[in-house]
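Here is how the chains run, residue by residue.
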There are 2 protein chains.
Amino acid sequence: MKKRHTTIKDIAKAAGVSTATVSMILNKKDKNISQPTRERVLRIAKDINYIPNSMARSLVTSQTKTLGLILPDIVNPFFPEIARGAEDRAREAGYSIIICNTDDNVDQENKYIQMLTEKMVDGIILTHSANRNDEMSGLENSRIPIILIDRDYDSPNVLGKVLVDNSRASRDGVNYLIGKGYRRIAYIAGPLNTGTARDRLEGYRMALAEKGIDYDERLVRVGEYRSKWGYEAAASLLDDGMDFEAIFCGNDAIAIGAMKRLRERGIAVPDDIAIMGFDDIYIASMVDPELTTIKQPNYSMGYEAVNMMIDSIQGNKIGKRNLILDTELVVRKSS
Amino acid sequence: MKKRHTTIKDIAKAAGVSTATVSMILNKKDKNISQPTRERVLRIAKDINYIPNSMARSLVTSQTKTLGLILPDIVNPFFPEIARGAEDRAREAGYSIIICNTDDNVDQENKYIQMLTEKMVDGIILTHSANRNDEMSGLENSRIPIILIDRDYDSPNVLGKVLVDNSRASRDGVNYLIGKGYRRIAYIAGPLNTGTARDRLEGYRMALAEKGIDYDERLVRVGEYRSKWGYEAAASLLDDGMDFEAIFCGNDAIAIGAMKRLRERGIAVPDDIAIMGFDDIYIASMVDPELTTIKQPNYSMGYEAVNMMIDSIQGNKIGKRNLILDTELVVRKSS
DNA sequence: CATTCTTGGTTAAACGTTTAACTACATTTA
DNA sequence: TAAATGTAGTTAAACGTTTAACCAAGAATG
């Protein structure tokens, strides 16, 4: 009593036509099929509740209508919106998305690329985890098209990129702070083995340089993209007796951690010290005071990456394409 | 110049054996294959960088090693952990996960079930979106195994459930508040067409009843699971001139919204009014004051659901199985 | 009226695996 | 020594589609 699914053959038999005919009708490649036949076949298909088997189809067309989405960790509030944007565009185009969490582990990433290759996905959207010291990444010898998202990386294998200009965004943010009159601005950075952290730090330095403010490296702390780090770094800045009027943070998580510590020390934000984040994660508008930050277009990144992928799959070989999306300064209460 | 992948046939030819032999070796069903042959085949497979085509395999085995995960919205901070738990267990077992966002739209859910069926996933993990007025749900005539998560629903088609006892958890939470001496406790509920909201409200009433506190319906507001609703409901409670010492909220989002409004009105939490949430989302520990709440085991829910699914796929037909996971009262500063 | 087009299909191969059934030979066992 | 068992494979069908190539008969064209 093996559960057999109804197939195109069943329809063919019931309708008294060949499977080819059925296939053509179901795929609307039916210019030369008579109306009565078409209707009969469609009717029967509906009656027996026919569901196509896309494995079989994929085997012959070598298209799975499936995309892989590899990112560090869906639990990190930065990524769900990306995933959602990706999924939305995918659905519109009839694609589905397999999701993979790497925890920024290159080995894991490589395994996933391999797995997705076996599953014959039509493309991969990748937030690449390679650190600078990249041992040969699986990205390099993948045979399926890859679009990079959020993090830049150079490889002949990537077909496109969707990024933001972190350095510029960061510069704009610091400029805003300077414009508000703050001069001594501390910076709590993320890990410098990531390109985003390097670029953001560079933007910070550029902004200072442009306004003729000296770069004081004692005001800069390098760590991780986590609120725990912000919490620690803020303490260390205070304990070192630095004087500063504002803290620009590598991302919102850091900012929130820092704010927490300042609050514990009885320092008022923004009256005593202003705080600025980066990302505009969901939480940013809910903390007290609401966080001024630089909004990354996460949803759009996901959406556009998939869009680019689909464009390219459908043969509009636009060649290598890079998309730089705009960030937006979101002024709230913390500055 | 069509891009052809290397197949098992290429290996077979190069090794001078049949494809069956290669297949057996690659799948470790190779009891009666000689060691030299085995080594030769493996060698060649590696050399030509062979990658199996799982479409072809799936077609014959009718197993895709893929699971569908249908949930309302991955952007809602409640769900990423579930997704992560699911993905982690899936990966351990060699499965991958297709993710689907329904926005609590039953039509969308049905379309996804259909799509996943076409893709021949081995199972579906579903946070069901049906409201009470459920027009025939696609769940009912799916032919693939379904495991329900977070939201209960009765259907012969579901193979198992992973839930928490919302009513009990809620009762425990309110009991805690009562234990702390609060008597007049308001309740800001989620939408009562969801089972979770109904159960949580019931728990609230039970706790009151047990301690002989009158249920005052003017202290109860019903709305949505969003912080905006908490923000509005808090205002309405205050504006109606109700007196109360604590607010128990249907979830953390509501609680955060309510806290925001109280702050704006200059009401101190917890000194003037205590607040308690439900879920323990990531943000809960970052707001000020940190939110006392009831932790749902989201990661475990995802993990266990997939685990149950895999168990059942692998033939350990344990029959219909329901798993009720424990919640945990997390006492922080807001109460 | 012979030819070409159109209409309405059919046939059969192909996609890349897995797997049940078979073979051929060598070795054990009764 | 005949039968059974073990070893090392091979053959071929099957999974459910798609699609290029073919076909037959009537309609239109020159």
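See the structure shown above.
Cut-offs applied
- Residues numbered from 1 in each chain as written.
- Chains lettered and ligands numbered in written order.
- Predicted model: local features only at pLDDT ≥ 70, side-chain atom pairs only at ≥ 80, totals over all residues.
- Heavy atoms only, no water.
- Helix = DSSP H or I, 4+ residues; strand = E, 2+ residues; numbered from the N terminus.
- Polar contact = N/O pair within 3.5 Å; in protein donor to acceptor, adjacent residues only side chain to side chain.
- Contact = heavy atoms within 4.5 Å.
- Near = heavy atom within 4 Å.
- Pairing = 2+ DSSP bridges.
- Axes fitted to C-alpha atoms, helices over the stretch in contact; angles between N-to-C directions.
- Nonpolar A, V, L, I, M, F, W, Y, C, P; charged D, E, K, R; others polar.

Caption draft 1: Molecular detail of the side chain of Asn251(A). Residue and element names in this part refer to chain A. Examined against the element boundaries, Asn251 turns out to sit in the loop between β8 (246-249) and α10 (252-264). Within polar-contact distance, the side chain of Asn251 engages the backbone nitrogen of Ala253 at 3.2 Å. Within the structure, the side chain of Asn251 is placed 3.0 Å from the backbone nitrogen of Ile254, a separation counted as a polar contact. Among residues more than four places away in sequence, those in contact with Asn251 are Arg200, Tyr225, Gly277, Phe278 and Asp279.

Caption draft 2: Region of the structure containing the protein's contact with DNA strand D. Close to DNA strand D lie 23 residues; Ser23(A), Lys29(A), Thr21(B), Ser34(B) and Thr37(B) are nearest. Take the atoms of DNA strand D that sit within 4 Å of the protein: sugar and phosphate atoms are 68% of them. Here Ser18(B) contributes a side-chain N or O atom positioned 2.8 Å from a phosphate oxygen of DNA strand D. A distance of 2.5 Å separates a phosphate oxygen of DNA strand D from a polar side-chain atom of Thr21(B). At the level of secondary structure, the elements contributing two or more residues to the surface near DNA strand D comprise α2 (19-26) and α4 (54-61) of chain A together with α2 (19-26) and α4 (54-61) of chain B.

Caption draft 3: Molecular detail of the sheet that holds strand β9 (residues 274-276) of chain A. Residues and elements named next belong to chain A. Taken together, 4 strands build an open sheet; the order of strands is β7-β6-β8-β9 and the sheet is parallel. Since the sheet does not close on itself, it has two edges, and those belong to β7 (220-222) and β9, each with one partner. Strand after strand, the sheet turns through a mean of 15° between neighbouring axes, direction not considered. Its contacts with the sheet place α10 against β6 (185-189), β8 and β9, and it is angled at close to 160° to β9.

Caption draft 4: The arrangement of the protein's contact with DNA strand C in detail. As a matter of local geometry, DNA strand C sits amid 23 residues, with Thr21(A), Ser34(A), Thr37(A), Ser23(B) and Lys29(B) nearest to it. A share of 67% of the atoms of DNA strand C within 4 Å of the protein falls on sugar and phosphate groups. Backbone polar atom of Ala56(B) to a base nitrogen of DNA strand C: 3.3 Å apart, as the coordinates give it. The biggest single contributor to the surface near DNA strand C is α4(B), with 4 residues. Grouping the constituent residues of the surface near DNA strand C by class yields 11 nonpolar, 10 polar and 2 charged.

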